[in-house]
Amino acid sequence: MANANGKAATSLPEKISAKANPEANEATEIAGNIIYHAKYSPHFSPLKFGPEQALYATAESLRDRLIQLWNETYVHFNKVDPKQTYYLSMEYLQGRALTNAIGNLNLQGPYADALRKLGYELEEIAEQEKDAALGNGGLGRLASCFLDSMATLNLPAWGYGLRYRHGLFKQIITKKGQEEIPEDWLEKFSPWEIVRHDVVFPVRFFGKVQINPDGSRKWVGGDVVQALAYDVPIPGYNTKNTISLRLWEAKARAEDLDLFQFNEGEYELAAQLHSRAQQICTVLYPGDATENGKLLRLKQQFFLCSASLQDIISRFHERSTAEGSRKWSDFPSKVAVQMNDTHPTLAIPELMRLLMDDNGLGWDEAWDVTSRTVAYTNHTVLPEALEKWSQSLMWKLLPRHMEIIEEIDKRFVQTIRDTRVDLEDKISSLSILDNNPQKPVVRMANLCVVSSHTVNGVAQLHSDILKAELFADYVSIWPNKFQNKTNGITPRRWLRFCSPELSDIITKWLKTDKWITDLDLLTGLRQFADNEELQSEWASAKTANKKRLAQYIERVTGVSIDPTSLFDIQVKRIHEYKRQLMNILGVIYRFKKLKEMKPEERKKTVPRTVMIGGKAFATYTNAKRIVKLVNDVGDVVNSDPEVNEYLKVVFVPNYNVTVAEMLIPGSELSQHISTAGMEASGTSNMKFALNGCLIIGTLDGANVEIREEVGEENFFLFGATADQVPRLRKEREDGLFKPDPRFEEAKQFVKSGVFGSYDYGPLLDSLEGNTGFGRGDYFLVGYDFPSYMDAQAKVDEAYKDRKGWLKMSILSTAGSGKFSSDRTIAQYAKEIWNIEACPVP
Ligand code: NBG
């Protein structure tokens, strides 16, 4: 590795002396503090100071400062004792932390200079960091954006999650298509987490319910594992407030090792509980096809809920002793628990249990406290994603909780019978327990709705659909329980830090950088949308980002792409409802037409680079086939000398937060083309729009609101609307669907074998026939294809008008203010949590 002077920087520079200085602000001091950590918080043997050693030492120097702010925040919250929010989520997609921390603390300049003194560029060091990928997709990244906003808005709030040893799998692409390999963020260690050895709670599994002489009940026996807290600091932007993401790790105690058995040579048996504890946090989303897999997932969910609630209650108690006894009825005015989807639903019966069995509250009192404390966010209407747990599994793992759930259900059903005779025939769908003898299950979403004071969807359309369909009957019982909170994204990570070039231009034209925390100010760009000077600066920032992206693509895929071509990107989890298949069929059609053209005709077309990226769930076969198809199409198109000047197709491997930070700033067109009504919100659509990227999309999720904000003339709309979808599916069933010839041509082309010998039959079959599981084009690819292709033709036309395109791009950024997660979180704080800012003085 060469340093700034082109010399190898593998040892510590001797000119700068090691000096502990947690408050260092200035480059030389910071460099001294970095060296101090390299020397005295060693993780490597002493001689070498390569980029990796530099990363850890730099992170630790920054952590010094974060710890200070963090402690101040903790002390301040403790003193003021405000109501606090606890965000419970099985997923966080934090990505890298270094650039974000330096940026939020506004120390870019000094850190860059300090590292240069040590022979390194900041970017080079930042690139050494591994993503913390403790999540799947949008839901996990949303949680991370929310933490950034909570800290920035000085809200008293905590994130709670699990410390998975292996985050979301790494995707590699081989001849066979996608392969998964374990993720390794903790292979060495994470410099950001701090273990709190004093924060440990027992969490029980299995066992039985003991009935005491006074009639009270107690959960006893079974396995007890320990939940140990690892805290990750979440610095706010431009504020002292630094909050915590508390991740639980599962452990067994020393005394749980059976020494006798061990000495008998029965090693596995002796360490049984240790190994069962260890399984809990080994991976994110262990496969749940088997009974064992289901059990492990349920354990994970309960582990998160139980540890977090014990922690929350102990914080509530801490104050009790300080002030004399605190009343339980005050709990909801000190604590707001937000459940990120149904994964943390067990928080409900666990809070009930802790209140009743451990703290002696009666049912009514416990129910009042619980239902005033918890709120639930729904993130999907897809039936397969609405969790239903087998009752027998639940009785086995959580016998006391099942009693409580039964009681909640019984009381709820009774109230309906007593007060709403009109709903009598709806009871079987409204109840929490589905007692279908074939497969008795607990419907987690129903438990959430019945128990929460507030339920929200994540975009206006989605919230409307929840109220009109999924939860319609509940709305008639509790008309005021349902809200909308349109998702948002943090403008720090998703514009300021990932595209410093564009950010500087925005700051220059708005004459302020206040937009970073007040994103609505971006509307101030509208007045300059036609300004040639701004347009030319805008274009040069885009070009720089496109070049950077092109280098990245070449490095990871070997494909060289032309930075002057239109960069068209679709990145998200691979799912049939997101319709990557429609995208690639469109590309296939374009390729075929280009092949048929004469060279001079081709020259008149708009050169395009289509990039598609995303992970397919390991057992989702059709999604994996789509990945394979995109790769096969890329191989053929990119090596076709007649066409590859005009079209390139790249599958971007291992899509994650860091890859997104590279792709989004370099994008010009992005595709958000889900079947209307199926994408609850989408959040990458907001990131692209914020970065001046135009959207081709359906009227789905947050697209609807993005289009409203950026202006319909700046959005390439196509496709059926959500309210048409049921009728279209019906028409298809009735054999009334007439496919567009372009659609047939594209499919036929794949079947002809141009893209290789892989059997795409089963994938293409999903588009054929009129009914049947996995057939009949449930996602309406065929129906929407013609309007999609027409919209793509409009994109090409629009791109030819350079000025027109730049204007649209500027207007897109200018209209993205609404999608700041600061706005979203401010609404949650006011309208759901009832909490207020608590800034550290
Ligand atoms: C996802 C939706 C997205 C949405 C994110 C964040 C789940 C269950 N849902 O559309 O599919 O943007 O949640 O709300 O992951």
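Residues numbered from 1 in each chain as written. Predicted model: local features only at pLDDT ≥ 70, side-chain atom pairs only at ≥ 80, totals over all residues. Heavy atoms only, no water.

1. Looking at the overall build of the protein chain
Across its full length, the protein chain holds 33 helices and 24 strands. On C-alpha atoms alone, the protein chain measures out to a radius of gyration of 28 Å, which is about the 28 Å that the 2.2 N^0.38 rule sets for 841 residues. Its C-alpha atoms put the protein chain at 90 × 80 × 60 Å along the principal axes. Sorting the 841 residues of the protein chain into buried and exposed places 61% on the buried side. Once local pairs closer than 6 in sequence are excluded, the contacts in the protein chain between residues at least 24 apart make up 76%. If you sum the accessible surface of the protein chain, you get close to 33,300 Å²; carbon and sulfur atoms cover 51% of it. Of the side chains in the protein chain, 102 bear a positive and 111 a negative charge, and the two mean positions are spaced by 2 Å. (Helix = DSSP H or I, 4+ residues; strand = E, 2+ residues; numbered from the N terminus. Rg over C-alpha atoms; globule rule 2.2 N^0.38 Å. Buried < 20%, exposed > 50% of the residue type's maximum accessible area, 1.4 Å probe, protein only. Contact = heavy atoms within 4.5 Å. Areas by Shrake-Rupley, 256 points an atom, 1.4 Å probe, with all protein chains shown as cover. Lys, Arg positive; Asp, Glu negative; His and termini not counted. Charge placed at Lys NZ, Arg CZ, Asp CG, Glu CD.)

2. Comments concerning the side chain of Ser 674
Within the fold, Ser 674 resides in the loop between strand E22 (669–672) and helix H26 (684–690). Taking the relative accessible area as the measure of exposure, Ser 674 reaches 5% and is therefore buried. At 2.6 Å, the side chain of Ser 674 forms a polar contact with the side chain of Asp 700. Ignoring anything within four residues of it in the chain, the contact list for Ser 674 reads Tyr 577, Lys 578, Arg 579, Glu 679, Thr 698 and Asp 700. (Polar contact = N/O pair within 3.5 Å; in protein donor to acceptor, adjacent residues only side chain to side chain.)

3. A closer look at the sheet that holds strand E15 (residues 433–434)
Pairing is antiparallel in the open sheet, where three strands are placed in the order E14-E16-E15. Taken across any chain shown, the strands that pair with only one partner, and hence form the sheet edges, are strand E14 (388–390) and E15. With two bridges joining them, E15 and strand E16 (residues 441–443) adopt antiparallel strand pairing. Note that in E16 the partner of Asp 434 across the bridge is Val 441. Where helix H16 (residues 444–451) meets the sheet, it contacts E14 and E16, and its direction lies at approximately 45 degrees from that of E16. (Pairing = 2+ DSSP bridges. Axes fitted to C-alpha atoms, helices over the stretch in contact; angles between N-to-C directions.)

4. Describing the side chain of Ser 463
Within the fold, Ser 463 resides in helix H17 (residues 460–470). A polar contact is formed between the side chain of Ser 463 and the backbone nitrogen of Gly 457, at a distance of 3.4 Å.

5. Description of the domain arrangement of the protein chain
For the protein chain, the assigned domains read domain 1 (12–80 + 108–130), domain 2 (85–107 + 131–319 + 329–388 + 445–487) and domain 3 (545–825). Summarising the inter-unit geometry, the C-alpha centres of domain 2 and domain 3 are found 34 Å apart. Of the residues lining the interface, 40 residues belong to domain 2; the matching set on domain 3 comes to 39 residues. Of all residues in domain 2, the largest losses of buried area upon contact with domain 3 belong to Gln 171, Thr 486 and Asn 487, amounting jointly to 18% of the total for that side. For the interface between domain 2 and domain 3, the tally reads one salt bridge. Glu 180 is the partner of Lys 624 in a salt bridge, and the nearest nitrogen-oxygen pair spans 2.6 Å. Our enumeration of links across domain 2 and domain 3 arrives at 17 residue pairs in polar contact (both at pLDDT 80 or more). With seven residues, the single largest contributor to the side of domain 2 that touches domain 3 is helix H6 (residues 138–152). (Domains from an automatic or database assignment. Buried area = accessible area lost by both parts, 1.4 Å probe. Salt bridge = Lys/Arg side-chain N within 4 Å of Asp/Glu carboxyl O.)

6. Examining the packing of aromatic side chains
Under the criterion given, the structure shown has 35 aromatic pairs. Pairing Trp 328 with Phe 331 gives two aromatic rings, centres 5.9 Å apart and planes at 45 degrees, and the pair type is tilted. Residue Trp 328 shares its accessibility class with Phe 331, and that shared class is buried. When the centroid spacing of 5.2 Å and the interplanar angle of 90 degrees are considered together, the rings of Tyr 778 and Phe 779 count as edge-to-face. In textbook terms, an aromatic cluster arises when at least three aromatic residues are bridged by ring pairs, as seen for Tyr 74, Tyr 86, Trp 158, Tyr 160, Phe 201 and Trp 248. (Phe/Tyr/Trp six-rings, centres within 6.5 Å; stacked < 30°, edge-to-face > 60°.)

7. A look at the pairing of strand E11 (residues 242–251)
The element E11 is largely enclosed, with a buried count of nine among its ten residues. Taken together, the five bridges between strand E4 (residues 157–162) and E11 define a ladder with parallel strand orientation. Paired with Gly 161 across the bridge in E11 is Leu 247. Relative to E11, strand E10 (residues 223–235) runs antiparallel, the two being bridged by ten bridges. If you follow Ala 229 over to E11, its bridge partner there is Trp 248. Once E10 ends, the chain turns through six residues before running back antiparallel as E11, passing Asn 238 with a positive phi of about 60 degrees.

8. Concerning the environment of Ala 38
As for its position among the elements, Ala 38 is in helix H1 (residues 27–40). Aside from chain neighbours lying at most four places away, what touches Ala 38 is Leu 12, Phe 49 and Ala 57.

9. Here we look at the UniProt feature "modified residue: N6-(pyridoxal phosphate)lysine" (unreviewed entry) in the protein chain
Mapped onto this numbering, the UniProt entry gives "modified residue: N6-(pyridoxal phosphate)lysine" (unreviewed entry) at Lys 687. Discounting residues that sit within four places of it in the chain, Lys 687 has contacts with Arg 141, Ile 489, Trp 494 and Ile 664. (UniProt positions renumbered as here; feature names shortened; annotations may be inferred.)

10. A look at the sheet that holds E22
An order of E21-E20-E19-E22-E23-E24 is seen for the six strands of this open sheet, with the pairing classed as parallel. One side of each edge strand has no neighbouring strand; the edge strands of this open sheet are strand E21 (647–652) and strand E24 (715–717). Direction aside, the axes of adjacent strands within the sheet are offset by 20 degrees on average. Note that E22 and strand E23 (residues 694–697) share four bridges and pair parallel. Within E23, the residue paired with Gln 671 across the bridge is Ile 696. Against the sheet, helix H24 (residues 621–638) makes contact with strand E20 (608–613) and E21, and its axis sits at roughly 145 degrees relative to E21, the strand it touches most. Sitting on the sheet, helix H31 (residues 781–800) is in contact with strand E19 (566–571), E20, E22, E23 and E24, with an inclination near 155 degrees to E24.

11. Overview of the site of the ligand
For the ligand, the set of nearby residues contains 13 residues, the closest of which are His 379, Asn 487, Glu 679, Ser 681 and Gly 682. Within the side chain of Tyr 577, a nitrogen or oxygen atom sits 3.3 Å from an oxygen atom of the ligand. Between the ligand and the protein, one listed contact pairs an oxygen atom with a backbone N or O atom of Ser 681 at 3.0 Å. The class makeup of the residues in the shell around the ligand is five nonpolar, six polar and two charged. (Near = heavy atom within 4 Å. Nonpolar A, V, L, I, M, F, W, Y, C, P; charged D, E, K, R; others polar.)

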